[in-house]
Amino acid sequence: MSAAWWQWVASSDSLTARLIAAADGRPFRVRLLDQRLGRPRLDEARALGLPRHQAAWLRQVALCVDQRPWVVARSVAPLAQLRGQRLERLGERSLGSWLFRQPDLERSPIDVSADPAPFAAALNPAGPWGRRSVFRHGRFAVLVQEFFLATMADELALPPR
């Protein structure tokens, strides 16, 4: 992985804040693609330590600059652990805007992937890298998966890989 991509993929701070800074004054938007209760994929259930059949809160968004998606993201939170978090009210605000305000937030090591996003097929989510990690706040846990898209690489003049 190039050093330029490593700075994005390995960062442990708010991706939303980094994207806003990189947008250099251009409008940034979180576009809600899907939000519902459902079953996580097998790899998602394993990452959260859940039985495969357990229901979860699922949310997919595109993080856009000038209305062009730079990142697609999917969050998965076990229903049993939501306990009044009201995440369904986020709308088109980033999950990170809530997560990074939690004083006891812990983040698992970041898993990196060179595979395309296994969701959001309508956006053609081809891109060089993806990452995911589990955030924990007390008894609450959420798996956050973020896939950087080719549009971001092109607009920031990042290498293809």
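Residues numbered from 1 in each chain as written. Predicted model: local features only at pLDDT ≥ 70, side-chain atom pairs only at ≥ 80, totals over all residues. Heavy atoms only, no water.

Put simply, the rule reads: UniProt positions are given in the numbering used here, feature names are shortened, and annotations may be inferred rather than shown by experiment.
The protein has the name Probable chorismate pyruvate-lyase in an unreviewed UniProt entry, where Halomonas salipaludis is given as its organism. Of the protein, the UniProt comment under Function (unreviewed entry) reads exactly: "Removes the pyruvyl group from chorismate, with concomitant aromatization of the ring, to provide 4-hydroxybenzoate (4HB) for the ubiquinone pathway." What UniProt states about the protein under its Pathway (unreviewed entry) heading is, verbatim, "Cofactor biosynthesis; ubiquinone biosynthesis."

Concerning empty space enclosed by the protein
Any space left empty among the atoms is revealed by the rolling of a water-sized probe across them. How we decide: Think of a 1 Å grid over just the protein atoms. A cavity is a set of points where a 1.4 Å probe fits yet cannot get out, a pocket is an open set with protein on both sides within 12 Å along at least five of seven lines, and lining residues have an atom within 4 Å of a point. Grid points are joined across faces, edges and corners, and a volume is the space filled by probe spheres set on the points. Counting from the N terminus, the helices are DSSP H or I runs at least four residues long and the strands are E runs at least two residues long. Amino acid classes used here: Ala, Val, Leu, Ile, Met, Phe, Trp, Tyr, Cys and Pro are nonpolar; Asp, Glu, Lys and Arg are charged; the rest, including Gly, are polar.
Taken as a whole and assessed by the stated rule, the structure comprises one cavity of 30 Å³ or more. Estimated volume of the largest cavity: approximately 210 Å³. Surrounding the largest cavity, 20 residues form its lining, T16, L95, G96, V144 and E146 being those nearest its centre. Residue assignment for the lining of the largest cavity shows that the elements contributing at least two residues are α2 (15–23), β2 (56–65), β3 (68–78), α4 (95–99), β6 (129–137) and β7 (140–148). Within the lining of the largest cavity, the residues separate by chemical class into 10 nonpolar, five polar and five charged.

Concerning the pairing of β7
Going by this rule: Note on exposure labels: buried denotes an accessible area under 20% of the residue type's maximum, exposed denotes more than 50%, and partly exposed covers the range between, all computed with a 1.4 Å probe on protein chains only. Pairing between two strands requires that DSSP report at least two bridges joining them.
For β7, the tally of buried residues reaches nine of nine residues, placing the bulk of the element in the interior. Across the two faces of β7 the burial is the same, with F140, V142, V144, E146 and F148 and A141, L143, Q145 and F147 all buried. The pairing of β3 with β7 spans six bridges and is antiparallel. Note that in β7 the partner of V72 across the bridge is F147.

Overview of the nonpolar core
The condition is simple: Take the buried residues of types Ala, Val, Leu, Ile, Met, Phe, Trp, Tyr and Cys, join any two whose side-chain atoms come within 4.5 Å, and each joined set is a nonpolar core. Whether two residues touch is decided by their heavy atoms; if any such pair falls within 4.5 Å, the residues are in contact.
With 18 residues, the main nonpolar core has W5, W8, L19, V71, F148 and M152 as its most contacted residues. For this core, the elements supplying multiple residues, two or more each, are α1 (3–9), α2, β2, β3 and α5 (150–155). With near-sequence residues (within four places) excluded, F148 lies in contact with W5, W8, V9, L15, W70, V71, G127, P128, W129 and R131. Of all hydrophobic cores here, the second largest spans 11 residues; its members include L90, L95, W98 and F135.

Regarding the packing of aromatic side chains
Aromatic rings in a pair are described by how distant their centres are and how their planes are angled relative to each other. To keep it simple, the criterion reads: Pairing of aromatic rings covers Phe, Tyr and the six-membered ring of Trp, with a centre-to-centre limit of 6.5 Å; geometry is then stacked below 30 degrees between planes, edge-to-face above 60, and tilted otherwise. A positively charged side chain is recorded as over a ring if its NZ (Lys) or CZ (Arg) lies within 6 Å of the ring centre. The angle to the ring normal must also be within 35 degrees.
Throughout the structure, instances matching the rule amount to four aromatic pairs. A centroid spacing of 6.4 Å and a plane angle of 65° characterise the contact between W8 and F148, whose relative ring orientation is edge-to-face. Taken as a pair, W8 in helix α1 and F148 in strand β7 lie far apart in primary sequence, 140 residues in all. Both residues of the pair, W8 and F148, belong to the buried class. Residues F119 and F147 carry aromatic rings whose centres are separated by 5.7 Å and whose planes lie at 80° to one another, so their mutual orientation is edge-to-face. Taken as a pair, F119 in the loop between β5 (111–113) and β6 and F147 in strand β7 lie far apart in primary sequence, 28 residues in all. There is no split in this pair, since F119 and F147 are both buried. Of the aromatic side chains, those joined through ring pairs into one cluster are W5, W8 and F148. For the cation-ring pair, R18 lies above W8, with the distance from its terminal atom to the ring centre recorded as 5.7 Å.

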